[in-house]
Protein chains: 2
Amino acid sequence: MALPVARTFWFGPLTIPLAQLFLLTKHTLGIVNIKPIRPGHVLVVTRRQVARFNELSQDEIADLFAQGQRVSKIIERLYSADGLTLCIQDGSAAGQTVPHVHLHVIPRHIGDFANNDDIYSVLDGTGKVPLQTHIDNEQRRPRSLADMTAEAEILRREIGDWDSETVT
Amino acid sequence: MALPVARTFWFGPLTIPLAQLFLLTKHTLGIVNIKPIRPGHVLVVTRRQVARFNELSQDEIADLFAQGQRVSKIIERLYSADGLTLCIQDGSAAGQTVPHVHLHVIPRHIGDFANNDDIYSVLDGTGKVPLQTHIDNEQRRPRSLADMTAEAEILRREIGDWDSETVT
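Model, not experiment: these values are computed from the prediction. (Residues numbered from 1 in each chain as written. Chains lettered and ligands numbered in written order. Predicted model: local features only at pLDDT ≥ 70, side-chain atom pairs only at ≥ 80, totals over all residues. Heavy atoms only, no water.)

## Things to note about the overall build of chain A
Rule in force here: Strands are runs of DSSP state E lasting at least two residues, helices are runs of H or I lasting at least four, and both sets are numbered from the N terminus onward. Only protein chains enter the accessibility calculation, which uses a 1.4 Å probe; a residue whose area is less than 20% of its type maximum is buried, one above 50% is exposed, and one in between is partly exposed. For this analysis, residues touch if any pair of their heavy atoms sits within 4.5 Å. Accessible surface is estimated by sampling points in the Shrake-Rupley manner with a 1.4 Å probe; for residues, cover comes only from the protein chains shown.
If you tally the helices and strands in chain A, you get three helices and seven strands. For chain A, the succession of helices and strands along the chain, N to C, is β-β-β-β-β-α-β-β-α-α. Taking all 168 residues of chain A together, the buried fraction comes to 60%. In chain A, of all internal contacts separated by at least 6 residues, the share reaching a separation of at least 24 is 61%. Accessible surface, chain A: about 6800 Å² in total, of which carbon and sulfur atoms supply 53%.

Okay, structure coming up:
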């Protein structure tokens, strides 16, 4: 599908390369993850750059999670997942490192971790499972731009065209 | 505040004692947690008993998270939290043990865990932090009914009256 006209979208202080964007609505963005802890781990982000969940309007909340459901259905199917971990680290005390509200959508598979919730101990690298650690930590090794672009292209095809009215 | 007229609300296969209910809207319930991993760890639950997030309607999603925001603001203030962990274990493969969509609202404090996200390794008891373990596990020791009732009363006062139109 076509990318929106060139413009800048933000994830905290970071500009989002359009090639990494796969969903765009009036209030919400979907982006692939430079440092996923599992294949298919993506982020659903508010377009307005606010750090805390309590700053969101009712319209922003409704769209964030409506899109979160839309994305979670696609991720579960594409990655043949058995379930999903859906989580917001709301504030730095909760492990948030990018001060911009974002929902983690992480496909889960039976037996993917030694213990179901070891996935969470990976969030700050305390986990012992053989995965990239530091989901929200600068110490993680980023994946290749080519990988991210290819994944975003697949997800954009699943999402379908942008709603041009929302690209404003 | 007054409790709604006696009736039955469900959390998966479990009936919810009215004394543990602190929020009730057309689509959403708020209940205190019999086995919190931190003081103030409460659950925001869909009134309709469905297991997976992908089964929710747009109205149910909007209300679940609008109420989740409402509850999170109260919990953060009452428990002087620095942040919040907001999480849905969507399916048993994600650690869900009660097959009914529920949002965990967990107040976080700087330094509350040796590592920020050790909180998650507590979800299935793999964590080494000195807290009750097994957030979603039958092995946890339940707290007293008196404690739960007292907490629910405080939260009901913060929420205010039920919307009588929704108690149907």
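## Notes on helix H1 (residues 58–78) of chain B
Heads up, the rule is: Between the first and last residue of a helix there are one fewer steps than residues, each counted as 1.5 Å, and that sum is the expected span.
Helix length check: H1 of chain B (21 residues) gives 30 Å between terminal C-alpha atoms against 30 Å at 1.5 Å per residue, within 8%. Of the residues trailing H1 of chain B, Ser 80 of chain B is marked for its positive phi of about 45 degrees.

## Digging into the sheet that holds strand S7 (residues 102–108) of chain A
This is how the line gets drawn: Two strands qualify as a pair provided that DSSP identifies no fewer than 2 bridges between them. The convention used is that axes are lines fitted to C-alpha atoms, helices contributing only their stretch in contact, and that angles between N-to-C directions extend from 0 to 180 degrees.
Strand order in the open sheet made by the 10 strands is S3(A)-S4(A)-S5(A)-S7(A)-S6(A)-S6(B)-S7(B)-S5(B)-S4(B)-S3(B), with antiparallel pairing throughout. The strands lining the two open edges of the sheet, one partner per strand, are strand S3 (21–24) of chain A together with strand S3 (21–24) of chain B. Taking each pair of neighbouring strands and ignoring which way they run, the sheet shows an average axis angle of 20 degrees. Bridge analysis of strand S5 (residues 42–46) of chain B against strand S7 (residues 102–108) of chain B gives four bridges, and the strand direction is antiparallel. Paired with Leu 43 of chain B across the bridge in S7 of chain B is His 104 of chain B. Packing of H1 of chain B onto the sheet brings it into contact with S3, strand S4 (28–32), S5, strand S6 (83–90) and S7 of chain B, and relative to S5 of chain B it is tilted by some 165 degrees.

## Some thoughts on unusual backbone geometry
The phi angle at Ser 80 of chain A is positive, at roughly 45 degrees, despite the residue not being glycine. Its place among the elements puts Ser 80 of chain A in the loop between helix H1 (58–78) and strand S6 (83–90).

## Remarks on the packing of aromatic side chains
Rules: Each pair of aromatic rings taken from Phe, Tyr and Trp, with Trp reduced to its six-membered ring, is defined by centres within 6.5 Å and is described as stacked if the planes are under 30 degrees apart, edge-to-face if over 60, and tilted in the remaining cases.
This structure, assessed with the given rule, holds three aromatic pairs over all chains. Seen from their ring centres, Phe 65 of chain A and Phe 65 of chain B are 3.5 Å apart, and the 0 degrees between their planes marks the pair as stacked. You can see Phe 65 of chain A sitting in helix H1 and its partner Phe 65 of chain B sitting in helix H1, one on each of two chains. Considered together, Phe 65 of chain A and Phe 65 of chain B belong to a single accessibility category, that of buried residues.

## Some details on the environment of Arg 47 of chain B
Where we set the bar: In protein, a polar contact means a hydrogen-donor-capable atom and an acceptor-capable atom, both N or O and within 3.5 Å, with residues adjacent in sequence counting only if both atoms are side-chain atoms; elsewhere, any N or O pair within 3.5 Å suffices.
Mapped onto the secondary structure, Arg 47 of chain B falls in the loop between S5 and H1. Polar contacts involving the side chain of Arg 47 of chain B include one to the main-chain carbonyl oxygen of Thr 25 of chain B, which spans 2.7 Å.

## Remarks on the pairing of S7 of chain B
Residues and elements named next belong to chain B. Here S7 lies mainly inside the structure; seven of its seven residues are buried. The alternating pattern of S7 places His 102, His 104, Ile 106 and Arg 108 and Leu 103, Val 105 and Pro 107 on opposite faces, both of which are buried. Bridge count for S6 against S7 is five bridges, and the pairing is antiparallel. Bridging across to S7, Leu 84 finds its partner in Pro 107.

## Regarding the confidence of the model for chain A
How we decide: For every residue, the pLDDT score states the predictor's confidence, bounded by 0 at the bottom and 100 at the top.
Of all residues in chain A, 76% have pLDDT values of 70 or greater, and the mean over the chain is 85. Here the complex is predicted with pTM 0.86, and the ipTM for its interfaces comes to 0.85.

## Details of the environment of Leu 64 of chain A
Residues and elements named next belong to chain A. Looking at the secondary structure, you find Leu 64 in helix H1. For the pair Leu 64 and Leu 103, spaced 39 residues apart in the sequence, the C-alpha separation amounts to 8.2 Å. Setting aside residues no more than four positions away along its own chain, Leu 64 makes contact with Thr 28, Val 44, Val 45, Thr 46, Leu 56, Ile 88 and Val 101.

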